[in-house]
Amino acid sequence: MFEVVDKNKRRTVVIVFFFFLLLAAVVYVFCEYFELGIFSVPAAVIIAVVTSFGSYYYSDKIVLSISKARPADPEEDKMVKNSVEGLCLASGLPVPRVYIIDDSAPNAFATGRNPDNAVVCVTTGLLEKLDSYELEAVLAHELAHIKNYDILLSTVVTIMVGIIALLADWFVRLGFRSRGRRNNASTIIGILGLVLILFSPLIAQLMRFALSRNREYLADAMSVEFTRNPDALVRALTKLTEDREPLEAANKATANMYIVSPFKEKISGLFSTHPPIEARVEAIKNIH
């Protein structure tokens, strides 16, 4: 487990550093486009540093905002909060904050940069459609992601993917406006815009691959370790997968964070953000 945690921390550092370099280069080109001269380099560095560290420290708040999540009500959502507290006692984790997404599609995710600053988020559909044992198994799965620092890696990647998509859109808009400007920066902006348009989906997918689908198998195994109830997790995963209602609050950037894919189209192979449910169920049944 300690090896997994260290690997996730190292991957996060690499991704943040890569993003810093990419963003600094992009900001530099923008500054050159607006002919800021000697201010281009320091502006690029400052903006890249602020954005990179902001993405790291506030990524959980950004994801919760994108997902339209609200804090769990102490009375109405008492059951889920009690389940989380009980599992934290069993797993030795600090009790995370609990958030709710008002959506009838059953799903859940965890976010945050470390166990002391973590959030478990569930949909109202999950609370309505699972029994108490199945809900506990799902919550244990998300707590396993927290314990393994999967949340740090997945949340940072989610924000990076979103920003890359925004950059591509900005370059397209600026490219149209700069047709009349004939300088090196406008030419570079046109080239970068084309590159981002063509390759941003590939960049996003490669960043998702950094999350390795093995983390889902490990979280499933740790869920069974916490609850001692593999059948409940199998039933929960089956219900979540068979439910055909898409989660409206999810998007392509946040999809990898959920316990099962929030989109209901069938995607398999390399381009899936999650392992096949059949493989996950088989792995759970083989836990001794």
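Residues numbered from 1 in each chain as written. Predicted model: local features only at pLDDT ≥ 70, side-chain atom pairs only at ≥ 80, totals over all residues. Heavy atoms only, no water.

Caption draft 1: Geometry of the packing of helix α5 (residues 132–147) against helix α9 (residues 230–242). One way to put it is that α5 packs onto α9 with a least axis distance of 8 Å and a crossing angle of 85 degrees. Taken together, the axes of α5 and α9 lie roughly perpendicular to each other. Listed contacts from α9 to Tyr133, Glu134, Ala137 and Val138 of α5 are Ala232, Leu233, Arg235, Ala236 and Lys239. Looking at the contact of α5 with α9 residue by residue, the class counts come to 6 nonpolar, no polar and 3 charged. (Axes fitted to C-alpha atoms, helices over the stretch in contact; angles between N-to-C directions. Helix = DSSP H or I, 4+ residues; strand = E, 2+ residues; numbered from the N terminus. Parallel < 35°, antiparallel > 145°, perpendicular 65-115°, else oblique. Contact = heavy atoms within 4.5 Å. Nonpolar A, V, L, I, M, F, W, Y, C, P; charged D, E, K, R; others polar.)

Caption draft 2: Just the packing of aromatic side chains, in detail. If you walk through the whole model with that rule in mind, you get 1 aromatic pair. Relative to tyrosine 258, the ring of phenylalanine 109 has its centre 5.0 Å away and its plane inclined at 75 degrees; by these criteria the two rings are edge-to-face. Taken together, the residues span a long stretch of sequence, with phenylalanine 109 in strand β3 (residues 108–112) and tyrosine 258 in the loop between α9 and α10 (277–285) at a distance of 149 residues. Here phenylalanine 109 matches tyrosine 258 in class, with each residue buried. (Phe/Tyr/Trp six-rings, centres within 6.5 Å; stacked < 30°, edge-to-face > 60°. Buried < 20%, exposed > 50% of the residue type's maximum accessible area, 1.4 Å probe, protein only.)

Caption draft 3: Structural context of the pattern of salt bridges. The full count for this structure, using the stated rule, is 11 salt bridges. Across the pair aspartate 102 and arginine 70 runs a salt bridge, and its minimum N-O distance is 3.1 Å. With aspartate 102 in the loop between β2 (97–101) and β3 and arginine 70 in strand β1 (residues 69–71), the pair connects residues that are 32 residues apart, well separated along the chain. Salt-bridge contacts for glutamate 134 lead to lysine 239; the nearest nitrogen and oxygen are separated by 2.9 Å. Remark: lysine 239 occurs in helix α9 and glutamate 134 occurs in helix α5; sequence separation between them is 105 residues. Connected through salt bridges with shared partners, the residues Asp131, Glu134, Arg235 and Lys239 form a single ionic network. (Salt bridge = Lys/Arg side-chain N within 4 Å of Asp/Glu carboxyl O.)

Caption draft 4: Structural detail: unusual backbone geometry. Unlike most non-glycine residues, lysine 68 shows phi in positive territory, near 55 degrees. Note that lysine 68 resides in the loop between α2 (40–66) and β1. Residue lysine 68 is classed as exposed on the basis of its relative accessible area, which comes to 68%. The phi dihedral of arginine 228 is positive, around 60 degrees, even though this residue is not glycine.

Caption draft 5: Representation of the sheet that holds strand β4 (residues 118–123). Taken together, the 4 strands give an open sheet; going across it, the order is β1-β2-β4-β3, and neighbouring strands pair in mixed fashion. The sheet is open, and its two borders are formed by β1 and β3, each paired with just one other strand. Averaged over all adjacent pairs, the angle separating strand axes in this sheet is 30 degrees, with direction ignored. Summarising the sheet, β2 and β4 pair through 5 bridges and their orientation is parallel. Paired with valine 98 across the two strands is valine 120, which belongs to β4. Across the sheet, α5 lies against β3 and β4, angled at about 150 degrees from β4, the strand it touches most. (Pairing = 2+ DSSP bridges.)

Nothing here speaks to function; it is geometry throughout.
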